[in-house]
Amino acid sequence: MTFPADFIWGVATSSYQIEGAALEDGRGECIWTRFSHTPGKTKNGDHGDVACDHYRRYPEDIKLIRDLGFGAYRFSISWPRIIPLGTGRVNEMGLDFYDRMLDEVLNQGLQPYATLYHWDLPQALEDQGGWSNPAIVDWFAEYTEVVTRALGDRIKGWITLNEPWCSSMLGYLWGVHAPGVQDMTRAYRAAHHLLLAHGAAIPIIRRNAPGVPAGITLNLAPQIPHSDDPLDIQMATRGDGFMNRWFLDPIFKGEYPADLLAEEMIAAALADVDMTRLKEAAVPTDFLGINYYMRWIISSKLDGHDRFPAGSRFTEMDWEIYGRAMGEMLLRVHQEYGPKAIHITENGAAFPDPDTTTDAILEDPLRVEFYKEYLRDGAQWALDQGVPLKGYFAWSLMDNFEWGEGYEKRFGIVHVDYATQKRTPKRSAYYLGEVARTGVI
Ligand code: FCB
């Protein structure tokens, strides 16, 4: 099985998860600094103060991406490093860091894909309501203007937001992510303003980076009814509205899914929102980024693994491994929404790795099998169906701060020893690098 010669192979990271230097060189506090330093919020009280120390070690990390054989690197830019209080004064030292980092990426011959927002909101903005304050649309536009004016045309793909479902629902509804709020009204308002912020950012990117492809990244997860019991089907449809259509419909059609909007609690949560502006979210884009991790099986009666077919396999996150579902999601998005191009901007898995770094190569057979299956039954299968899939980015380049899970869950294809910051490629890194060079799974 061979991928097209111009297929983009990359690895992905995000600022707060790898950079460290959380309050250095003028970086402002972000909601993840505050949240992770609040007792009980993250596993073992882990935080991103040091993380992978990428802020200092970026030349080594970027060289490694190239040496392994990849052609592209997706990273995110930290809003509070650039504008410490979220709006107003620009921190030149923050811009300089990304300028130097980008030089390194380009010198190594890698294509840079930059995400403007991967969850590290300036705390000063959260203190004013964060994403639930309508003013954030202008705040995000101001930040986008500063960043894209400085770095604009050196980037090969601009991504406005990473997973607005997580920012709004995990952050403001379930409260398991920063800022740790549990408030339905704030959550739906946050989702609304994230959508508008995306719509506001795209024209700014177009102006400052003419000709550079721009889009957004969503985390999509199929919601599969466990049985043909009408209740299972109804719950799965509702789940699909909540997880997938709540963001896909506004971005591609300028409207919220009618079935969910008809729900009294959701309508109430959006009561004070100017709905006429939603069409601004449907600004034309060049690609859709999809972060794909798992499907959900929805049952009104069963819980946990009981919902899944006998013999199902799971990652250490307890996420089911089933590559074909990624292919089917790609096909569905292509057929129902028709983005011009699609990139898998994240896909990967946490497994307990052997904890020795004495070997030259760290064997991670489960992760290798995971990638093989998702590339074959997901990416390659979708290409065969005519889906305009143009790129695939593995999550993640290296083990890093996995949000609420802290450092315990390792998603890296490169192992990080946090005591010494030593990087050791796992077998999966060599495997994917080889795929990137040859196009053969
Ligand atoms: C995604 C996030 C990414 C990482 C993976 C495992 O939801 O975008 O930062 O945490 O999950």
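Residues numbered from 1 in each chain as written. Predicted model: local features only at pLDDT ≥ 70, side-chain atom pairs only at ≥ 80, totals over all residues. Heavy atoms only, no water.

Peer 1: For helix H13 (residues 323-337), give the residues involved together with the corresponding values.
Peer 2: For H13, spanning 15 residues, the distance from its first C-alpha to its last is 21 Å, which sits close to the expected 21 Å at 1.5 Å a residue. Every buried residue of H13 is accounted for by Gly323, Ala325, Met326, Gly327, Met329, Leu330, Leu331, Arg332, Val333 and Tyr337. Each element contacted by the buried residues of H13 is listed here: helix H10 (230-253), strand E7 (287-291), strand E10 (320-321), strand E11 (342-346), helix H14 (365-384) and strand E12 (389-395). Gly338 lies just past H13 and shows a positive phi near 55°. (Helix = DSSP H or I, 4+ residues; strand = E, 2+ residues; numbered from the N terminus. Expected span 1.5 Å × (residues − 1). Buried < 20%, exposed > 50% of the residue type's maximum accessible area, 1.4 Å probe, protein only. Contact = heavy atoms within 4.5 Å.)

Peer 1: Go over the site of the ligand, please, and point to the residues and values.
Peer 2: Taken together, the neighbourhood of the ligand is formed by Gln17, His118, Trp119, Asn162, Glu163, Asn291, Tyr293, Glu346, Trp395, Glu402, Trp403 and Phe411. Glu346 is positioned with one of its side-chain polar atoms (N or O) 3.0 Å from an oxygen atom of the ligand. Glu402 places a side-chain nitrogen or oxygen 2.7 Å from an oxygen atom of the ligand. Of the residues contributing to the shell around the ligand, the split by class is 5 nonpolar, 4 polar and 3 charged. (Near = heavy atom within 4 Å. Polar contact = N/O pair within 3.5 Å; in protein donor to acceptor, adjacent residues only side chain to side chain. Nonpolar A, V, L, I, M, F, W, Y, C, P; charged D, E, K, R; others polar.)

Peer 1: Describe in detail the side chain of Ser299, supporting the description with residues and values.
Peer 2: Looking at the secondary structure, you find Ser299 in the loop between strand E8 (296-298) and strand E9 (313-314). In terms of polar contacts, Ser299 uses its side chain to reach the backbone amide nitrogen of Lys301, at 3.0 Å. At 2.8 Å, the side chain of Ser299 and the backbone nitrogen of Leu302 are in polar contact. What Ser299 contacts, discounting residues up to four positions off in sequence, is His226, Asp232, Met235 and Arg307.

Peer 1: If you had to explain the packing of H13 against H14 to someone new, which residues and values would you point to?
Peer 2: Closest axis-to-axis distance for the H13/H14 pair is 7 Å, and the angle between their directions is 20°. On the basis of their axis angle, the class for H13 and H14 is roughly parallel. Seen along the crossing, H13 lies across H14 with a hand that is right-handed. Packed against H13, whose contacting residues are Gly323, Arg324, Met326, Gly327, Glu328, Leu330 and Leu331, the element H14 presents Glu373, Tyr374, Asp377, Gly378, Ala379, Trp381 and Ala382 at the interface. Here the residues of the contact of H13 with H14 sort into 7 nonpolar, 3 polar and 4 charged. (Axes fitted to C-alpha atoms, helices over the stretch in contact; angles between N-to-C directions. Parallel < 35°, antiparallel > 145°, perpendicular 65-115°, else oblique. Left-handed = near helix turned anticlockwise from the far one by under 90°.)

Peer 1: Tell me about the pattern of salt bridges, and name the residues and values.
Peer 2: Under the definition given, this model contains 36 salt bridges. Where Glu24 meets Arg56, a salt bridge forms, and the shortest distance between an N and an O atom there is 2.3 Å. Taken together, the residues span a long stretch of sequence, with Glu24 in the loop between helix H1 (15-18) and helix H2 (31-36) and Arg56 in helix H3 (residues 54-68) at a distance of 32 residues. A salt bridge links Asp99 to Arg154; the shortest N-O distance between them is 2.7 Å. (Salt bridge = Lys/Arg side-chain N within 4 Å of Asp/Glu carboxyl O.)

Peer 1: Got a sec to walk through the nonpolar core? Specific residues and values, please.
Peer 2: In terms of nonpolar packing, the biggest core is built from 131 residues, with Trp32, Ile77, Trp79, Trp131, Phe140 and Trp158 touching the most fellow members. Examining the composition of this core, we find that 10 residues originate from one element, helix H9 (residues 184-208), more than from any other. Phe140 has contacts with Trp79, Leu116, Tyr117, Trp131, Thr160, Leu161, Ala197 and Ala201, leaving out every residue within four places of it along the chain. Ile8, Tyr113, Trp319 and Phe393 belong to the second-largest nonpolar core, a separate cluster that totals 12 residues. (Core = buried A, V, L, I, M, F, W, Y, C linked by side-chain atoms within 4.5 Å.)

Peer 1: So what about the packing of helix H7 (residues 136-151) against H9? Which residues, and what values?
Peer 2: Between H7 and H9, the least distance of the axes is 9 Å, while the angle of their chain directions is 30°. Considering their axes alone, H7 and H9 lie roughly parallel with respect to each other. With respect to the hand of their crossing, H7 and H9 are arranged in right-handed fashion. Residue-level contacts link Ile136, Val137, Phe140, Ala141, Thr144, Glu145, Thr148 and Arg149 of H7 to His193, Leu196, Ala197, Ala200, Ala201, Ile204, Ile205, Arg207 and Asn208 of H9.

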